[in-house]
Amino acid sequence: MKFNILSLPGDGIGVEVTREAIKVLNVVAGRYKHEIEIREALLGGIAIQKTGQPFPDETKALALEADAVLMGAVGLPGFEKEPLEKRPEGGLLGIRRAMGVYANLRPVFLFESLLDSSPLKNDLVRGTDMLIVRELLGGLYYGQPKGIEGEYPNERAVNTMVYTRMEIERIAKMAFELARRRRKKVTSVDKENVIDCSRLWRRVVMDVHKDYPDVELQHQLVDSCAMLLITKPKSFDVVLTENMFGDILSDEASVLAGSIGMLPSASIGAQKPNGVFTGLYEPVHGSAPDIAGQNKANPLAAIGSVGAMLEYSFGLKEESAAITRAMETVLKSGDVTADLGGTKTTVEVGDAVCAAL
Ligand code: IPM
Ligand code: MG
């Protein structure tokens, strides 16, 4: 295959981990005889510093043109007083919306060799293998009206949580389809006892479920789900939820995988005329300003995101599996970064994955 990849290293450790992920991508492409062209553009804090915008028009054009986009992380201190549109995070929300990537897939998988990296008891987390399917373009993140009005001490802030039937339907379908390829169980997470968006959510998920009688559906309130994720992680297969609940639950679930430095993610949109699915791939972790530029960050979430890209955008399952095996080899060797109890650098871990490939 021949494909165009746009790389958006972004801020902080995003730059370091993306470099390793691209290195791995090049090795895989060479080994399996794919032709790749990689371009790079600005997103987030670095983009504000260089262009005044967190999501410059040039980045937008390149992202829409690319077959897939790999992102590092966004987030730089110093923009706290600005409105969201002018903060690094606004760039990420902008690109998600521009690309129309409504389904954020966050696999939470515990590699056997990382059993001791989780703070939870071994027998509780062993065998954890779930997929969080987070709706990415709706809810509180984008709802209007929003904003802070009035002056001190009388300010008033508003955010709007809004969902349409169409938005819930398409993400629910995605979750049921993915469950069919796994253990055929969907846990839909909502706050149906309080929030109207959640009442519609549950109603629509039940309607969509009628087309998937072979998949088991359970509903869980988000507060009790937060508890069950830690006390019974093995009972989850596909977790389907709205934007903000998914943001929170996926950070919580990362503890099950040993480190947030292990979690890749894939944000998927529509299928393009050439058959490729629109996709934005990024590690779940953020820019981690405290360890940025120190060659300490775990690159495996970014490397896993390349694996997800090969699988979800291009359907290259064998190539994706090869990356997972190489990661497993490196994890078994114990040559890992500090978050997993090791002493290796970002570059050393990247090199080790390439060597294992
Ligand atoms: C994530 C991040 C983002 C989000 C932030 C950086 C805007 O926390 O991808 O989970 O909330 O979606
Ligand atoms: Mg988050």
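Calculation criteria
Residues numbered from 1 in each chain as written. Chains lettered and ligands numbered in written order. Predicted model: local features only at pLDDT ≥ 70, side-chain atom pairs only at ≥ 80, totals over all residues. Heavy atoms only, no water. Helix = DSSP H or I, 4+ residues; strand = E, 2+ residues; numbered from the N terminus. Rg over C-alpha atoms; globule rule 2.2 N^0.38 Å. Buried < 20%, exposed > 50% of the residue type's maximum accessible area, 1.4 Å probe, protein only. Contact = heavy atoms within 4.5 Å. Areas by Shrake-Rupley, 256 points an atom, 1.4 Å probe, with all protein chains shown as cover. Domains from an automatic or database assignment. Buried area = accessible area lost by both parts, 1.4 Å probe. Salt bridge = Lys/Arg side-chain N within 4 Å of Asp/Glu carboxyl O. Polar contact = N/O pair within 3.5 Å; in protein donor to acceptor, adjacent residues only side chain to side chain. Disulfide = S-S within 2.5 Å. Pairing = 2+ DSSP bridges. Axes fitted to C-alpha atoms, helices over the stretch in contact; angles between N-to-C directions. Near = heavy atom within 4 Å. Core = buried A, V, L, I, M, F, W, Y, C linked by side-chain atoms within 4.5 Å. 1 Å grid on protein atoms, 1.4 Å probe; cavity = no way out; pocket = protein on both sides within 12 Å on 5 of 7 lines; lining within 4 Å. Points joined across faces, edges and corners; volume = space filled by probe spheres on them. Nonpolar A, V, L, I, M, F, W, Y, C, P; charged D, E, K, R; others polar.

**Student:** What exactly am I supposed to notice about the overall build of the chain here?
**Tutor:** Looking only at helices and strands, the chain has twelve helices and twelve strands in total. A compact globule built from 357 residues would reach a C-alpha radius of gyration of about 21 Å, and the chain, at 20 Å, matches this within 12%. Overall, the C-alpha framework of the chain stretches about 50 × 50 × 45 Å when taken along its three principal axes. A total of 357 residues make up the chain; the buried ones form 52% of that total. For the chain, long-range pairs separated by at least 24 residues make up 75% of all intrachain contacts whose partners lie at least 6 apart in sequence. Summed over all atoms, the accessible surface of the chain reaches about 15,700 Å², with 52% contributed by carbon and sulfur.

**Student:** Hey, could you run me through the domain arrangement of the chain in this one?
**Tutor:** In many analyses, interface size is given as the accessible surface area lost on bringing the parts together. Domain annotation of the chain identifies domain 1 (1-118 + 259-357) and domain 2 (121-129 + 140-257). Between domain 1 and domain 2, the contact holds 24 residues from the first and 20 residues from the second. Of the roughly 2,100 Å² buried between domain 1 and domain 2, counting both surfaces, carbon and sulfur atoms make up 60%. It is Tyr102, Val108 and Leu110 that lose the most area in domain 1 upon contact with domain 2, and together they represent 28% of the buried surface on that side. Note that Lys146 and Glu85 form a salt bridge whose closest N and O atoms lie 3.5 Å from each other. Across the domain 1-domain 2 interface, the total number found is seven residue pairs in polar contact (both at pLDDT 80 or more). Residue assignment for the side of domain 1 that touches domain 2 shows that the elements contributing at least two residues are helix 4 (88-99) and strand 4 (103-109).

**Student:** How do you make sense of the environment of Phe277 when you look at a structure like this?
**Tutor:** Relative to the elements of secondary structure, Phe277 occurs in strand 12 (residues 277-283). The spacing of Phe277 and Asn193 is 84 residues in sequence and 36 Å in space, taken between C-alpha atoms. Ignoring anything within four residues of it in the chain, the contact list for Phe277 reads Asp67, Ile268, Gly269, Ala270, Gln271, Tyr312 and Ser313.

**Student:** Would you take a moment to explain the environment of Leu357 for this structure?
**Tutor:** Take Leu357: it is sitting in the segment after helix 12 (346-356). Relative accessible area serves as the criterion here: at 14%, Leu357 is assigned to the buried category. Separated by 150 residues in the primary sequence, Leu357 and Asp207 place their C-alpha atoms 44 Å from one another. Once residues lying within four places of it in the same chain are set aside, the contact partners of Leu357 are Val24, Val27, Val28, Arg31, Ala322, Ile323 and Ala326.

**Student:** What's the story with the state of the cysteines in this structure? I'm lost.
**Tutor:** Throughout this description, disulfide means a covalent bond between two cysteine sulfur atoms. All told, the structure shown has zero disulfides when counted by the stated rule. Counting only cysteine sulfurs, Cys197 is the nearest neighbor of Cys225, a cysteine outside any disulfide, at a range of 18 Å.

**Student:** In this structure, what is going on with the sheet that holds strand 9 (residues 216-221)? I would like to understand it.
**Tutor:** Backbone hydrogen bonds are what pair the strands of a sheet, in a parallel or an antiparallel way. Strands sit in the order 2-1-3-12-11-4-5-10-8-9 across an open sheet of ten strands; the sheet is mixed. Of all strands in the sheet, those bounded by a partner on one side alone are strand 2 (35-40) and strand 9. Adjacent strand axes in the sheet meet at a mean angle of 20 degrees when their direction is disregarded. Judged from the six bridges that link them, strand 11 (residues 264-271) and strand 12 form a sheet pairing that is antiparallel. The residue bridging Ser267 from the neighbouring strand is Leu280, located in strand 12. Contacting strand 5 (129-135), strand 8 (185-190) and strand 9, helix 8 (residues 222-231) crosses the sheet at an angle of about 105 degrees to strand 9.

**Student:** Is there a simple way to think about the site of ligand 1 in this case?
**Tutor:** Close to ligand 1 lie Glu89, Leu92, Leu93, Arg96, Arg106, Arg134, Tyr141 and Asp247, which account for all nearby residues. Contacts to ligand 1 include Tyr141, whose side-chain N or O atom sits 2.5 Å from an oxygen atom. Here an oxygen atom of ligand 1 and a side-chain polar atom of Asp247 are 2.8 Å apart. If ligand 1 stood free it would expose 320 Å²; the protein chains cover 79% of that surface. Take the shell around ligand 1: its biggest share by element is four residues, from helix 4.

**Student:** Explanation requested: the nonpolar core in the structure shown.
**Tutor:** One broad rule of soluble globular proteins: the nonpolar side chains tend to lie buried together. In this structure, Leu105, Val133, Phe176, Leu240, Leu310 and Phe314 are the most contacted members of the largest nonpolar core, which totals 89 residues. Considering every element that reaches this core, the biggest residue donor is helix 6 (residues 165-180), with eight residues. In this structure, this core is formed jointly by two domains, domain 1 (1-118 + 259-357) and domain 2 (121-129 + 140-257), each of which donates at least three residues. Residue contacts for Phe314: discarding those within four places in its chain leaves Met1, Phe3, Ile5, Asp67, Ala68, Val276 and Met309. By size, the runner-up hydrophobic cluster in this structure holds 17 residues, among which are Leu43, Leu62, Met99 and Leu136.

**Student:** Whenever I open this one, the layout of surface pockets confuses me. Can you help?
**Tutor:** To find the voids left in a structure, one rolls a probe of water-molecule size over its atoms. In this structure, the largest pocket spans a volume of roughly 720 Å³. Those elements that provide at least two residues to the lining of the largest pocket are strand 4, strand 5, helix 10 (300-312) and helix 11 (317-333). Within the lining of the largest pocket, the residues separate by chemical class into 14 nonpolar, four polar and seven charged. Residue assignment places the lining of the largest pocket across two domains, with domain 1 (1-118 + 259-357) and domain 2 (121-129 + 140-257) each supplying three or more. The calculated volume of the second largest pocket comes to roughly 390 Å³. As for the second largest pocket, its lining consists of 16 residues, and the residues nearest its centre are Pro83, Leu84, Arg87, Lys146 and Asn159. Secondary structure elements with two or more residues in the lining of the second largest pocket: strand 6 (147-149) and strand 7 (156-158). In the lining of the second largest pocket, the residues fall into nine nonpolar, two polar and five charged. Residues from two domains meet in the lining of the second largest pocket; each of domain 1 (1-118 + 259-357) and domain 2 (121-129 + 140-257) gives at least three.

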